[in-house]
Amino acid sequence: MPTLCTAAAALAVALTAFGAGTASATGWPPLTEGAYLYSGTGGTGIVTNVDLHDFGTCHDLAQPARSLQIVNGSASVVLYSGAGCTGQAWASGSLAQSDLPFAELSYRVVGL
C-alpha cells in the first residue's frame, strides 16, 4: 500500500510531465495548485479563482468561462452552460487544462 509521501511524489512527477507537455505547446499559464476559470480559450482572458473548499455551492460567473485549469487531488469542478447550475454540465476531474465545449455560465466544486 503506497504511503502518502509516495503518492505525493508520484503526483509531483505527473504534474511536472503534464505541465511540460501542454504549457509550452499551447501557451497555457504555468500549472499552479488550485482551480482557475478563464474567459478566453487556452487559459487567456479574465481569471476567476475557484475556492476548492466550497463544496456544493453554485456560483454564477460574471464572465463566461471558455477554459479551465485545475491541479488538485481531492476536488473537481462541474461547469454549467446556464446560470444557477442549469443546462449542460461538464466535469473537470482533479488535474485538467482544457478549453471548454461551451461558454460556461456557472459552476460548483465537487469532491472526488
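Here, the structure is the one placed above.
A brief look at the structure comes next. No experiment lies behind these values; they were computed from the predicted model shown.

1. Regarding the side chain of Glu104
Okay, step 1: Position of Glu104 among the secondary structure elements: in strand E6 (residues 95–111).
Okay, step 2: For Glu104, which is buried and forms no salt bridge, the nearest opposite charge comes from Arg66, at a distance of 7.1 Å.
Okay, step 3: Here the side chain of Glu104 touches Ser81 through a polar contact of 3.1 Å, landing on its backbone nitrogen.
Okay, step 4: Not counting residues within four places of it along the chain, the set of residues in contact with Glu104 comprises Leu61, Pro64, Ala65, Leu79, Tyr80, Ser81, Gln88 and Trp90.

2. Describing the packing of aromatic side chains
Okay, step 1: Inspection of every chain in the model, using the stated rule, returns one aromatic pair.
Okay, step 2: Here Trp28 and Tyr38 contribute two aromatic rings whose centre-to-centre distance is 6.2 Å and whose plane-to-plane angle is 80°, an arrangement assigned as edge-to-face. Taken together, the residues Trp28 in the loop between helix H1 (4–26) and strand E1 (34–38) and Tyr38 in strand E1 connect sequence positions ten residues apart.
Okay, step 3: Assessed through its relative accessible area of 5%, Tyr38 is described here as buried.

Thresholds, definitions, all that
- Residues numbered from 1 in each chain as written.
- Predicted model: local features only at pLDDT ≥ 70, side-chain atom pairs only at ≥ 80, totals over all residues.
- Heavy atoms only, no water.
- Helix = DSSP H or I, 4+ residues; strand = E, 2+ residues; numbered from the N terminus.
- Buried < 20%, exposed > 50% of the residue type's maximum accessible area, 1.4 Å probe, protein only.
- Lys, Arg positive; Asp, Glu negative; His and termini not counted.
- Salt bridge = Lys/Arg side-chain N within 4 Å of Asp/Glu carboxyl O.
- Polar contact = N/O pair within 3.5 Å; in protein donor to acceptor, adjacent residues only side chain to side chain.
- Contact = heavy atoms within 4.5 Å.
- Phe/Tyr/Trp six-rings, centres within 6.5 Å; stacked < 30°, edge-to-face > 60°.

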